[in-house]
Structure formats: structure tokens, C-alpha cells
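Now for the letters of each chain:
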Amino acid sequence: MENNEKHHIVSYRSYFVILLLLLLFTFMSIAITQIELGSYNVAGALLLATIKSGLVLYFFMHLKFDKPYLKLMVGFVMAVFIAVIVITFFDYYYR
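For clarity, every value in this text was computed on a predicted model and none was experimentally measured.

> Is there a simple way to think about the overall build of the protein in this case?
From N to C terminus, the protein includes 3 helices and 0 strands. Traced from its N-terminal end to its C-terminal end, the protein shows the element sequence α-α-α. A globule of 95 residues ought to have a C-alpha radius of gyration of about 12 Å, yet the protein, at 17 Å, is considerably larger. Its C-alpha atoms put the protein at 60 × 30 × 15 Å along the principal axes. Across the 95 residues of the protein, 11% fall into the buried class. Long-range contacts, defined as pairs at least 24 residues apart, comprise 62% of the intrachain contacts of the protein with a sequence gap of at least 6. Accessible surface for the protein amounts to roughly 8200 Å². Of this, 72% is attributable to carbon and sulfur atoms. Of the side-chain charges in the protein, 7 are positive and 5 negative, and the distance between the mean point of each set is 7 Å.

Structure follows, in C-alpha cells:
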């Protein structure tokens, strides 16, 4: 059985930078709870969580090196997720 897959090597520096970014966004999401933004607190926290999950998907789960159709599928799932969140916010806002 022959393995024709290409292996990719990611440097430790790249992982370290992504780790620092994830820590920064985590501390920002903690700090956003201390700031009174009214109804934008939840939206800000969700935005930071989306950015963090995107970084994890792209780098740590190696979506960066996957085939284009897999990126398209993940993008579609993220678009559906964002649509559900937006619809939920509209439902909550107009009640």
C-alpha cells in the first residue's frame, strides 16, 4: 500500500504565534465582560469566539493544508452557523 500524501511541516514559531493570538483573544473575551457595551457584549464575545475557532480550524486542525473542497464545506457550515446566530438575534431583538 503506497502513501502518496504530502507531509507538511509547520514551524514551532508559527504554532507559538497562533498560541499567543489565541491567548490574546481569550483575555480580550474576558475583558469584554468588564466593559459595559449594552447589547453589544454578547455580539463582541461571539465575534472573538468565531475568530478563535477560525484560527484553531485553520492552523491546528490543518485546514490550511487540506483540499479546497474541504475548505468550502467548512465555510458553508460556518455560514449556516452565522445565519442561525443572526436569525436568533433578530428574533430576540424584535420580541
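Moving on from the model shown.
> Where do I start with the environment of Gln 34 in this structure?
By the element assignment, Gln 34 lies in the loop between α1 (12-31) and α2 (40-60). We classify Gln 34 as exposed; its relative accessible area is 67%. Linking Gln 34 and Asp 91, residues 57 residues apart in sequence, is a C-alpha distance of 26 Å.

> Sorry if this is basic, but what is going on with unusual backbone geometry here?
Note: most peptide bonds trans; most residues except glycine with negative phi. At His 62, a position not held by glycine, the phi torsion is positive, near 60°. Within the secondary structure, His 62 sits in the loop between α2 and α3 (68-93).

> Can you help me understand the pattern of salt bridges in this one?
Side chains that carry opposite charge are capable of pairing whenever their charged atoms lie near each other. Within this structure, the stated rule accounts for 1 salt bridge. With a closest N to O distance of 3.0 Å, Arg 95 and Asp 91 form a salt bridge. Given the relative accessible area of 39%, Asp 91 is considered partly exposed.

> Please clarify how the nonpolar core should be interpreted in this entry.
One finds Ile 18, Leu 22, Phe 25, Leu 48 and Leu 55 forming the largest nonpolar core, which totals 5 residues. Among the secondary structure elements, those contributing two or more residues to this core are α1 and α2. In terms of residue count, the dominant contributor to this core is α1 (3 residues). If we ignore the near neighbours within four places in the chain, the residues touching Leu 22 are Lys 52, Leu 55, Val 56 and Phe 60.

> Sorry if this is basic, but what is going on with the side chain of Ser 29 here?
Position of Ser 29 among the secondary structure elements: in helix α1. Judged by its relative accessible area of 17%, Ser 29 falls in the buried class. From its side chain, Ser 29 meets the backbone oxygen of Thr 26 in a polar contact 2.7 Å long. Once residues within four sequence positions are removed from consideration, Ser 29 is found in contact with Leu 48 and Lys 52.

Criteria and cut-off values
- Residues numbered from 1 in each chain as written.
- Predicted model: local features only at pLDDT ≥ 70, side-chain atom pairs only at ≥ 80, totals over all residues.
- Heavy atoms only, no water.
- Helix = DSSP H or I, 4+ residues; strand = E, 2+ residues; numbered from the N terminus.
- Rg over C-alpha atoms; globule rule 2.2 N^0.38 Å.
- Buried < 20%, exposed > 50% of the residue type's maximum accessible area, 1.4 Å probe, protein only.
- Contact = heavy atoms within 4.5 Å.
- Areas by Shrake-Rupley, 256 points an atom, 1.4 Å probe, with all protein chains shown as cover.
- Lys, Arg positive; Asp, Glu negative; His and termini not counted.
- Charge placed at Lys NZ, Arg CZ, Asp CG, Glu CD.
- Salt bridge = Lys/Arg side-chain N within 4 Å of Asp/Glu carboxyl O.
- Core = buried A, V, L, I, M, F, W, Y, C linked by side-chain atoms within 4.5 Å.
- Polar contact = N/O pair within 3.5 Å; in protein donor to acceptor, adjacent residues only side chain to side chain.

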